[in-house]
Amino acid sequence: MELITLLIAAGAAAFFGYRLFTVLGRKTGHTPDLRPVSPANEDASQTADASPALAEGTNTSRWVVDMDPAQFLEGAKKAYALVVEGFAKGDRAGLEPLLSEKVFARYEKAISDREGRDETTTTEIERISESEIVDSVRDGGVLQVKVRFKADIATETKNKDGERVSGDLTRLTTVEEVWTFEKSADSQDPNWRLAGVRTA
């Protein structure tokens, strides 16, 4: 059956054995407060919709997507990994088909700023401990699904001399965010794209 099709454009990357990394940051003594830290941050005024569309199927009255929600969720988790590794590596070509134009512009700027400082960032995900679909809506011609992720992660940034300037890969922090995926309801293009990220 069809997997969440935002992965189609990045499927080749998965076959090359990408490890799970994350664009999400964390707060330690070596880094400032990065909440929310994803370049795809939504405006703070945006809040989660009250009615959930649960992957378990116990409440599917708000599920507006023509595919199994549990299958969508599994694909979303894989997309999460592909996006966060692409950001960590500065892989613009890999990120572009997975992101909306607005979100890609934010990622591209964050990557360029990091490169301008001659810094590299490594972010590792220990595990995704929780993931759930919190809402799905059709807004005119656009389908939108919000997925909450809770992950244990670590990150650090080094300068061009290999010296750590922030973060610490030996320490984990739990990060919880809601990622919003969207696609055109009428388009023949099956790809879903990341349209925003906010703290949960």
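To start, this report covers the structure provided alongside it. None of these values were measured; they are calculated from a predicted model. (Residues numbered from 1 in each chain as written. Predicted model: local features only at pLDDT ≥ 70, side-chain atom pairs only at ≥ 80, totals over all residues. Heavy atoms only, no water.)

1. Examining unusual backbone geometry
Phi at D118 takes a positive value of approximately 55 degrees, unusual for a residue other than glycine. Summarising the element assignment, D118 is placed in the loop between α4 (101–116) and β1 (120–139). (Helix = DSSP H or I, 4+ residues; strand = E, 2+ residues; numbered from the N terminus.)

2. Things to note about the pairing of strand β4 (residues 173–184)
In regular strands, side chains alternate between the two faces of the sheet. Relative to β4, strand β2 (residues 142–158) runs antiparallel, the two being bridged by twelve bridges. Note that in β4 the partner of V142 across the bridge is S184. Both β4 and strand β5 (residues 193–199) contribute to a ladder of six bridges, which runs antiparallel. Among the inter-strand pairings, W179 is bridged to a residue of β5, identified as V197. (Pairing = 2+ DSSP bridges.)

3. Remarks on helix α2 (residues 69–89)
For α2, spanning 21 residues, the distance from its first C-alpha to its last is 30 Å, which sits close to the expected 30 Å at 1.5 Å a residue. The element α2 is extensively covered by neighbouring structure, given that 16 of its 21 residues are classed as buried. Between the side-chain oxygen at the start of α2 and the backbone nitrogen of A70 there is a gap of 3.3 Å, and the oxygen is on D68. Taken from the residues just after α2, G90 is the one with a positive phi, measuring 70 degrees. (Expected span 1.5 Å × (residues − 1). Buried < 20%, exposed > 50% of the residue type's maximum accessible area, 1.4 Å probe, protein only. Polar contact = N/O pair within 3.5 Å; in protein donor to acceptor, adjacent residues only side chain to side chain.)

4. Looking at the pairing of β1
Bridge count for β1 against β2 is 17 bridges, and the pairing is antiparallel. Bridge pairing in β2 places R127 opposite D152. What sits between the antiparallel neighbours β1 and β2 is a turn of two residues, in which G140 has the positive phi angle 65 degrees.

5. Details of the pattern of salt bridges
Think of it this way: side chains of opposite charge can pair up when their charged atoms draw near. Under the criterion given, the structure shown has 13 salt bridges. For E115, the salt bridge identified is with R92, shortest N-O distance 2.9 Å. With a gap of 23 residues between them, E115 in helix α4 and R92 in helix α3 (residues 92–95) connect regions that are remote in the sequence. A residue is classified by how much of its surface remains accessible, and E115, at 42% relative accessible area, is partly exposed. Between R148 and E132 there is a salt bridge whose closest N-O contact spans 2.9 Å. Linking R148 in strand β2 with E132 in strand β1, this pair joins segments that are 16 residues apart in sequence. Exposure remark for R148: the relative accessible area of 13% places this residue in the buried category. (Salt bridge = Lys/Arg side-chain N within 4 Å of Asp/Glu carboxyl O.)

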